[in-house]
There are 2 protein chains.
Amino acid sequence: MPNFELHETLATDTVEAVRWPLCRVLLMNDCRYPWLILVPARANMRDMHDLDPGDQAVLMTEIDRASRALTGLHAPDKINVAALGNMVPQLHIHVVARFRTDDAWPSPIWGAHTTRPYEPVALDNALRSLRAALN
Amino acid sequence: MPNFELHETLATDTVEAVRWPLCRVLLMNDCRYPWLILVPARANMRDMHDLDPGDQAVLMTEIDRASRALTGLHAPDKINVAALGNMVPQLHIHVVARFRTDDAWPSPIWGAHTTRPYEPVALDNALRSLRAALN
């Protein structure tokens, strides 16, 4: 089996929050939305149906867990879950807390407006509360 | 338990292809993309994490099955899977076959350009081949 390596675009755009049995749980460095990216640590996966059935089942439980953590932290109006990957070919699943007041609502967030990285202190705070909720 | 009823927007925009153990499998009436919508037949669900763990596990197998059917029929460049629901509050999962040549690539399809309904004969043909692949 080839080794899993995080795609460089994902590595650049995110900060690792925790590692779960299947996925790296990454915080997107964009303070406009509480936005996690789950990356199954399996080499050469592109679509969800590339995962074997056991990994698919674990992925669903990890999506559930990430969704509940964001809901507990932020009380959003909606959670958006999406595996798109048209640009970054490594399988990754977006789990995003959405609010009626956010800048893209009710549209999807991808491609809407420009990324706004966290200030360093805000990023530390976001990671601290996130890790407490995710662990 | 209240009865499940398909949301009127989904009923208007789609044609039912088949019913699986958990989901209604709907064909979006938009010939720009091979586009399925899976709706778990459970009342009052909004987010994937509203489903109980057993239903979540079945949902993942049905997403897999829908993805493979579209892949077998259309050999797309990518499958996009998304539970958004910012506008239609009933839980529904998009499973969309994407092509490097489609009109929204590489962006997500939602909100890109205008829906183009199938011609009646094309809709019949799409449903026939889809039902053969989904059953």
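Residues numbered from 1 in each chain as written. Chains lettered and ligands numbered in written order. Predicted model: local features only at pLDDT ≥ 70, side-chain atom pairs only at ≥ 80, totals over all residues. Heavy atoms only, no water.

## Quick look at the nonpolar core
Alright, step 1. Residues L36 and I93 of chain A together with L36 and I93 of chain B are the most contacted members of the largest nonpolar core, which totals 62 residues.
Alright, step 2. Ignoring any residue separated from it by four or fewer positions in sequence, one finds L36 of chain A in contact with V25, L26, L27, A66, L70, I93, H94, V95, L130 and L134 of chain A.
Alright, step 3. Ranked by size, the runner-up nonpolar core spans 30 residues in total, among them L84 of chain A together with M28, L84 and I109 of chain B. (Core = buried A, V, L, I, M, F, W, Y, C linked by side-chain atoms within 4.5 Å. Buried < 20%, exposed > 50% of the residue type's maximum accessible area, 1.4 Å probe, protein only. Contact = heavy atoms within 4.5 Å.)

## Focus: the relation of the copies chain A and chain B
Alright, step 1. Expressed as a screw transformation, the operator carrying chain A onto chain B has a rotation angle of 180° and an axial translation of 0.0 Å, and the superposed copies differ by an RMSD of 0.0 Å. Here the transformation between the copies is reduced to the relation of a two-fold axis. Measuring from the rotation axis to each C-alpha of chain A, the shortest distance belongs to A82 of chain A, at 2.0 Å.
Alright, step 2. Taken as a fraction of all interface residues of chain A, those also at the interface in chain B reach 100%, which identifies the copy contact as same-surface. (Least-squares fit on C-alpha atoms with pLDDT ≥ 70 in both.)

## Things to note about the pairing of strand β2 (residues 23-28) of chain A
On any regular strand, side chains alternate: one points to one face of the sheet, the next to the other face.
Residues and elements named next belong to chain A.
Alright, step 1. β2 sits mainly inside the fold: six of its six residues count as buried.
Alright, step 2. A two-sided burial pattern is seen for β2, the buried positions comprising C23, V25 and L27 on one face and R24, L26 and M28 on the other.
Alright, step 3. The hairpin formed by strand β1 (residues 14-19) and β2 contains three residues between the paired strands.
Alright, step 4. Relative to strand β3 (residues 35-40), β2 runs antiparallel, the two sharing five bridges. (Helix = DSSP H or I, 4+ residues; strand = E, 2+ residues; numbered from the N terminus. Pairing = 2+ DSSP bridges.)

## Observations concerning the sheet that holds strand β5 (residues 93-98) of chain B
Alright, step 1. Spatial ordering of the open sheet is given by β1(A)-β2(A)-β3(A)-β5(A)-β4(A)-β4(B)-β5(B)-β3(B)-β2(B)-β1(B), a layout of 10 strands whose pairing is antiparallel. Sheet topology places β1 of chain A together with β1 (14-19) of chain B at the edges, where each strand pairs with a single neighbour. Going across the sheet, the axis of each strand differs from the next one's by a mean of 25°, ignoring polarity.
Alright, step 2. Packed onto the sheet, helix α2 (residues 53-74) of chain A meets β2, β3, β4 (78-83) and β5 (93-98) of chain A and runs at close to 25° relative to β5 of chain A.
Alright, step 3. Helix-sheet contacts for helix α3 (residues 120-134) of chain B involve β1, β2 (23-28) and β3 (35-40) of chain B, and the interaxial angle to β1 of chain B is about 25°. (Axes fitted to C-alpha atoms, helices over the stretch in contact; angles between N-to-C directions.)

## Topic: the environment of H7 of chain B
Residues and elements named next belong to chain B.
Alright, step 1. Structurally, H7 is set in the segment before α1 (8-13).
Alright, step 2. Sequence separation between H7 and E119 is 112 residues; the distance between their C-alpha atoms is 24 Å.
Alright, step 3. Residues contacting H7, with those up to four places away along its chain left out, are V88, P89 and Q90.

## Notes on the pairing of β5 of chain B
All names here are of chain B.
Alright, step 1. Buried residues dominate β5, accounting for six of its six residues.
Alright, step 2. Burial along β5 is two-sided: the face carrying I93, V95 and A97 and the face carrying H94, V96 and R98 are both buried.
Alright, step 3. Examined bridge by bridge, strand β4 (residues 78-83) and β5 share five bridges and lie antiparallel to one another. By the bridge assignment, A82 is partnered in β5 with H94.

## Here's the deal with empty space enclosed by the protein
Alright, step 1. Evaluated as defined, the whole model comprises two cavities of 30 Å³ or more.
Alright, step 2. Computed from the structure, the largest cavity encloses a volume of approximately 80 Å³.
Alright, step 3. What lines the largest cavity is a set of 14 residues, and nearest its centre among them are M48, I63 and V81 of chain A together with M48 and V81 of chain B.
Alright, step 4. For the lining of the largest cavity, the secondary-structure elements that each account for two or more residues are α2 and β4 of chain A together with α2 (53-74) and β4 of chain B.
Alright, step 5. Along the lines of polarity and charge, the residues of the lining of the largest cavity split into 14 nonpolar, no polar and no charged.
Alright, step 6. By volume, the second largest cavity is sized at about 40 Å³.
Alright, step 7. Tallying contributions element by element places β4 of chain A first for the lining of the second largest cavity, with three residues.
Alright, step 8. In the lining of the second largest cavity, the residues fall into five nonpolar, two polar and three charged. (1 Å grid on protein atoms, 1.4 Å probe; cavity = no way out; pocket = protein on both sides within 12 Å on 5 of 7 lines; lining within 4 Å. Points joined across faces, edges and corners; volume = space filled by probe spheres on them. Nonpolar A, V, L, I, M, F, W, Y, C, P; charged D, E, K, R; others polar.)

By themselves, these are just geometric observations and shouldn't be taken as functional.
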